[in-house]
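Coordinate analysis (summary)
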Amino acid sequence: GQQVMQIPQYQHVQEGEDFTTYCNSSTTLSNIQWYKQRPGGHPVFLIQLVKSGEVKKQKRLTFQFGEAKKNSSLHITATQTTDVGTYFCAGIYAGGGNKLTFGTGTQLKVEL
Amino acid sequence: GAVVSQHPSWVICKSGTSVKIECRSLDFQATTMFWYRQFPKQSLMLMATSNEGSKATYEQGVEKDKFLINHASLTLSTLTVTSAHPEDSSFYICSARDFVRGSTEAFFGQGTRLTVV
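Residues numbered from 1 in each chain as written. Chains lettered and ligands numbered in written order. Predicted model: local features only at pLDDT ≥ 70, side-chain atom pairs only at ≥ 80, totals over all residues. Heavy atoms only, no water.

Residue and element names in this part refer to chain A. Taken as a whole, this structure holds 2 disulfides over all chains when the rule is applied. One disulfide in the model links C23 with C89; its S-S distance is 2.0 Å. Disulfide C23-C89: torsion about the S-S bond near 80°, hence right-handed. With C23 in strand β3 (residues 19–25) and C89 in strand β9 (residues 85–92), this residue pair connects regions lying 66 residues apart in the sequence. Among the residues examined, C23 registers a relative accessible area of 1% and is labelled buried. Given a relative accessible area of 0%, C89 falls into the buried group. (Disulfide = S-S within 2.5 Å. Helix = DSSP H or I, 4+ residues; strand = E, 2+ residues; numbered from the N terminus. Buried < 20%, exposed > 50% of the residue type's maximum accessible area, 1.4 Å probe, protein only.)

Set out below in structure tokens:
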């Protein structure tokens, strides 16, 4: 079946440092979404990427979708303590019936 | 944005009993809802897709007789964990999308932390 892997699994950074998480699918995706889950909370939608090579920005967050639509990345510039949480990519596959396949997640910790 | 409400947020039950979890879409109609299970520090694993007015579609390896899903209205889906055992202890979370408005964003309930003792 389809698998979506993310690296790294964990990342500790000092406040102000940049952070990147990478997402890789075993097969081509129709589109990819990113979610953030705070400790003890539920996933919250961040963004959706649909087009090959698409890049979207939200303030300090930059999202990219690979040319082959099999990988994606999330980059946070100058992290803040409010960025703490686990970031998940979630892919939708063609013919997958709108099901989201979640990546393994990257847990981000930001230290002062 | 759309709101999905899940209840209860946590529950402790004795081994062998059944637990029902409710998932409601508060301001949109959800013909389809999704149920996930999440173990500590792990990803969300899709258990089943709940379809209004028809049978749920279960993912491979998920026992449909163990995890009963009912989606009797456009705003409510329920997951019943039958004859719960300690290994069923987990974080269960539902999601829904407002397909009527063409939204692909998934809105998640607050989740239910189930502890079976």
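Within the largest apolar cluster, 25 residues are counted, with the highest numbers of intra-cluster contacts made by V4, F28, W35, L79, Y92 and L114 of chain B. Listed by contribution, the elements that provide at least two residues to this core are β2 (10–13), β3 (19–25), β4 (32–38), β5 (44–51), β7 (67–73), β8 (76–81), β9 (90–96) and β11 (112–116) of chain B. Membership of the second largest hydrophobic core comes to 20 residues, among which are F19, L49, Y87 and Y93 of chain A. (Core = buried A, V, L, I, M, F, W, Y, C linked by side-chain atoms within 4.5 Å.)

Before going further, it helps to examine the environment of T27 of chain A. Along the polypeptide, T27 of chain A turns up in the loop between β3 and β4 (31–37). In contact with T27 of chain A, other than residues within four places in its own chain, are Q2, K69, K70 and Y93 of chain A. (Contact = heavy atoms within 4.5 Å.)

According to the stated counting rule, one finds 5 salt bridges over all chains in the structure shown. Across the pair D83 of chain A and R60 of chain A runs a salt bridge whose closest N-O atoms are separated by 2.9 Å. On the criterion of sequence distance, the pair formed by D83 of chain A in the loop between β8 (71–76) and β9 and R60 of chain A in the loop between β6 (55–58) and β7 (61–65) is long-range, its members being 23 residues apart. Among the ionic pairs, E22 of chain B bridges to R24 of chain B, the shortest N-O distance being 3.4 Å. Among the residues examined, R24 of chain B registers a relative accessible area of 35% and is labelled partly exposed. (Salt bridge = Lys/Arg side-chain N within 4 Å of Asp/Glu carboxyl O.)

Note that every value here comes from positions in space, so none of it alone points to a role or purpose.
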